[in-house]
Amino acid sequence: MKNLFQLFKIKNFNKKTFGEKIGNSNKLILCEFLGNKSNQIAFSYLINALKKKENCTCYSFLDISNINFLDKLKLFIHKILGYNLGNFFIYKSFNTKKFLFVKKNKMTEEKTKIFLKDFTGFNSKGDLINFKIEKILIGDLIYDSFLRKTGFPTLEINDDKLKKFFIDTLNIFYYWLDFFEKNQVTGVVVSDTSYTSTMIARISAFKKIPTYQCNWENVHRISEDNLFCYGKFIFYKEIFNKFSKDQKKIALDKSKDRIKIRLGGKLRADDLFYTDHSSFHSEFEKNKILSKSDKKKILIASHFFIDAPHGYGPDSIIFPDFYEWLNYLNDLSKKTDFEWYIKCHPHSKPKEDEIFKNFIKDKSNLIEIPKYSSHLQIIKEGINCVLTVYGTIAWEYAYYKVPVITASRNNPHIKYDFCAHAKNIDEYEQMILNFDKLKLNFSEENICEFYFMHNMYSRCNWLFDSYEKVFKQIKGFENLPKLKFYDYWIKNADQKKNEKIFSKLNKFLNSKNLFINNDTFF
């Protein structure tokens, strides 16, 4: 009963905020269907800004190709009730006219069958990652989605489950290809660009249909030149160089202050808004972490194994996945006289911890460092080099003048020379073996520029004036997806706030910017 009351509060709020706008039924905006309440709120503002701009109708889509019997039953009940309960009710309240339930049909099965007739399969994991169909890249999405679906850190190219998943994905691909051919779509809105659930964004971008990735933090414009919503880092240098001399000074000064706070152990600082502990805390282990030997000491900073290793595209990692990367480093460690240390990702969840534990149990050449050990202690004890694929540790250790080597051709730090970026595995090996000869630019200004662009200027907070205050009032970041956040929003989003949000959105939509800039610094 309480939830029903909340739903009607949401409906009344949305009706008051957005009105009941009926656009041109021949022109469509397609919006991803999600239960996450922060996404729903972000979508609601963007959708209605686009409806007003384009005079169109909103359809929300949900992939039901692999749902179980219970979920099918729930959908049937929702249909009987006219989609007037739960998340369907919320979407309707912000002017979603229709719901598309995406699944295979006779047409998609026939087209998939025709494609597979001449398809010879994949000879390697790399072939899958770089797979294109109709000139559209989707292989990286298939790879990362399969890891997330199975919970395995890597895959076998001849796995029957992978083959089925591949065929299912082809069916959905052809569903969308057919839909775009038969309908006038003027915009697509998704929450992410890393998995097959939002493969529609690859197709719409290829067809030059305005496409947006949207969440509480920012709105990104997706295009053939910018397929990955968090790939804006390739433009950091270009954007920063357009700042005036005074703006650059302000940016660097503010960044310098924030870095000191971030590396001083402050919780939920900037990019670490999601965590309740810092890896740069001052509570050192009682015993030394590193040995007293004179050997050169290498630290491997592990990643989340199943969290989109190709989130920045096929060039995100020079290996097929994070597990293959660690296996390679373990083999390499046996050929050197270095001391090799490895540390589990400090924010990993139980499933990831289990994978890491299974990996490390028979790797006698790798010395495990406690998960929650402070990086300040590791640095103080004299670590000589750090290996990551594309983690934040790249700039963090560079700040302390410790060489870092990434295993990536496309990552947030790629435009900066405070760490080294390997183009291929052969170069990677040589960099590691000769890390003390790397020529890196550890200047504070270089690192501060990156930090400002990545963690401040490009993090717009277009919905919030202060995410720290919001998280405090809703009692934690983990409540963003829940109804509790909608309660907070209804109480705090007054007319002035709504006007400010629409002003930012309209300015962005009428520009050519890739994302909403955080212009509060200048």
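Preceding this section is the structure that the text describes.
Residues numbered from 1 in each chain as written. Predicted model: local features only at pLDDT ≥ 70, side-chain atom pairs only at ≥ 80, totals over all residues. Heavy atoms only, no water.

Peer 1: When you look at the packing of aromatic side chains in this model, what are you seeing that I'm missing?
Peer 2: Remark: the centre distance and the inter-plane angle together describe each pair of aromatic rings, the angle taken between the planes. Taken as a whole and judged by the stated rule, the model has 63 aromatic pairs. Every member of this aromatic cluster is reached through a ring pair, and the members are Phe 18, Tyr 45, Trp 216, Phe 464, Tyr 467, Phe 471, Phe 477, Phe 485, Tyr 488, Trp 489 and Phe 502. Its end group placed over the ring of Phe 508, Arg 221 keeps NZ or CZ at 4.5 Å from the ring centre. Across the ring face of Phe 515, the terminal group of Lys 232 is positioned such that the distance to the ring centre comes to 4.7 Å. (Phe/Tyr/Trp six-rings, centres within 6.5 Å; stacked < 30°, edge-to-face > 60°. Lys NZ or Arg CZ within 6 Å of the ring centre and 35° of its normal.)

Peer 1: I keep staring at the pairing of strand S8 (residues 219–222) and nothing clicks. Help me out?
Peer 2: Strand residues, when the strand is regular, have side chains that alternate between the two faces of the sheet. Across the two faces of S8 the burial is the same, with Val 219 and Arg 221 and His 220 and Ile 222 all buried. Relative to S8, strand S7 (residues 211–214) is paired through 4 bridges, and the arrangement is antiparallel. Its bridge partner being in S8, Gln 213 is matched across the sheet by His 220. Taken together, S7 and the strand that follows it, S8, pair antiparallel across an intervening segment of 4 residues. (Buried < 20%, exposed > 50% of the residue type's maximum accessible area, 1.4 Å probe, protein only. Helix = DSSP H or I, 4+ residues; strand = E, 2+ residues; numbered from the N terminus. Pairing = 2+ DSSP bridges.)

Peer 1: I would appreciate a short explanation of the packing of helix H2 (residues 37–54) against helix H4 (residues 86–93) in the present structure.
Peer 2: Any two packed helices are characterised by the angle at which their axes cross and by the distance between the axes. Taken N-terminus to C-terminus, the directions of H2 and H4 make an angle of 20 degrees; their axes are 10 Å apart at the nearest point. Considered as vectors, H2 and H4 are oriented roughly parallel to each other. Pair H2 / H4 crosses with right-handed handedness. On the side of H2, the interface is formed by Lys 37, Gln 40 and Phe 43, while H4 contributes Asn 87, Ile 90 and Tyr 91. Of the residues that constitute the contact of H2 with H4, the class distribution is 3 nonpolar, 2 polar and 1 charged. (Axes fitted to C-alpha atoms, helices over the stretch in contact; angles between N-to-C directions. Parallel < 35°, antiparallel > 145°, perpendicular 65-115°, else oblique. Left-handed = near helix turned anticlockwise from the far one by under 90°. Contact = heavy atoms within 4.5 Å. Nonpolar A, V, L, I, M, F, W, Y, C, P; charged D, E, K, R; others polar.)

Peer 1: Quick question: what am I supposed to make of the pattern of salt bridges here?
Peer 2: One side chain can pair with another of opposite charge once the charged atoms of both are near each other. Applying the stated criterion across every chain yields a total of 23 salt bridges. We note a salt bridge from Glu 238 to Lys 242, for which the minimum N-O separation is 3.8 Å. You can call Glu 238 partly exposed: its relative accessible area is 44%. The structure contains a network of salt bridges with shared partners spanning Asp 465, Lys 497 and Lys 500. (Salt bridge = Lys/Arg side-chain N within 4 Å of Asp/Glu carboxyl O.)

Peer 1: Before we go on, may I ask you to explain the packing of helix H5 (residues 106–118) against helix H8 (residues 160–182) in this structure?
Peer 2: One can describe the packing of H5 onto H8 by two numbers: an axis separation of 8 Å at closest approach and a directional angle of 120 degrees. With respect to H8, the element H5 is oriented oblique. Where H5 crosses over H8, the two elements pack in a sense that is right-handed. Residues Met 107, Thr 108, Glu 109, Lys 111, Thr 112, Phe 115 and Leu 116 of H5 form the contact with H8, whose participating residues are Phe 166, Ile 167, Leu 170, Asn 171, Tyr 174, Tyr 175 and Asp 178. Its residues assigned to classes, the contact of H5 with H8 comprises 8 nonpolar, 3 polar and 3 charged.

Peer 1: Would you take a moment to explain the sheet that holds strand S11 (residues 366–369) for this structure?
Peer 2: Hydrogen bonds between backbone groups are what pair the strands of a sheet, and the pairing can be parallel or antiparallel. Spatially, the 6 strands line up as an open sheet ordered S11-S10-S9-S12-S13-S14, and their pairing is parallel. Whereas interior strands pair on both sides, the edge strands pair on one side only; in this sheet they are S11 and strand S14 (420–421). Lying over the sheet, helix H16 (residues 425–433) contacts strand S10 (339–343), strand S12 (385–388), strand S13 (404–406) and S14, oriented at roughly 170 degrees with respect to S13.

Peer 1: For this particular structure, what's the right way to read the sheet that holds strand S1 (residues 24–32)?
Peer 2: Sheet architecture is open: 6 strands sit in the order S3-S2-S1-S6-S7-S8, paired in mixed fashion. Looking at strand neighbours, the two that pair on one side only are strand S3 (96–102) and S8, the edges of this open sheet. For this sheet the average axis-to-axis angle between neighbouring strands, irrespective of direction, equals 30 degrees. Looking at chain direction, S1 and strand S2 (residues 56–63) are connected through 6 bridges and run parallel. Across the sheet, Leu 30 pairs through a bridge with Tyr 59, a residue of S2.

Peer 1: How should the side chain of Thr 198 be read in this particular structure?
Peer 2: Along the chain, the position of Thr 198 falls in the loop between strand S6 (184–190) and helix H9 (200–206). Overall, Thr 198 belongs to the buried group, its relative accessible area being 3%.

Peer 1: Before we go on, may I ask you to explain the environment of Gln 247 in this structure?
Peer 2: Here Gln 247 lies in helix H11 (residues 245–262). Each C-alpha atom of the pair Gln 247 and Phe 522 lies 6.5 Å from the other, and the pair is 275 residues apart in sequence.

Peer 1: Could you clarify how one ought to interpret helix H13 (residues 350–360) in this entry?
Peer 2: Every α-helix carries 3.6 residues per turn, so stepping three or four residues along brings you back to the same face. Every buried residue of H13 is accounted for by Glu 352, Ile 355, Phe 356, Phe 359 and Ile 360. For H13, the arc enclosing every buried residue in end-on projection is 125 degrees, short of the 170-degree limit, so these residues lie on one face. In H13, those exposed residues whose orientation departs by more than 90 degrees from the buried face are Pro 350 and Lys 357. Lining the buried residues of H13 we find helix H12 (322–333), S10 and S11. (Arc of directions from axis to C-beta.)

Peer 1: For this particular structure, what's the right way to read the nonpolar core?
Peer 2: Nonpolar side chains in soluble globular proteins generally cluster together in the buried interior. Among the nonpolar cores identified, the biggest contains 116 residues, and Leu 30, Trp 176, Trp 325, Trp 340, Leu 387, Tyr 397 and Tyr 428 are the most heavily contacted of them. Per element, the largest residue contribution to this core is 12 residues, and it comes from H8. Apart from the residues within four sequence positions on either side, Leu 387 is in contact with Ile 298, Leu 299, Ile 300, Ala 301, Trp 325, Leu 329, Trp 340, Ile 405, Tyr 428 and Ile 432. If you look at the next biggest cluster of nonpolar residues, it comprises 52 residues, including Cys 31, Tyr 83, Phe 94 and Phe 508. (Core = buried A, V, L, I, M, F, W, Y, C linked by side-chain atoms within 4.5 Å.)

Peer 1: Looking at this structure, I do not really get the environment of Leu 85. What am I missing?
Peer 2: Structurally, the position occupied by Leu 85 is in the loop between helix H3 (69–80) and H4. Since its relative accessible area comes to 33%, Leu 85 is described here as partly exposed. Discounting residues that sit within four places of it in the chain, Leu 85 has contacts with Leu 4 and His 78.

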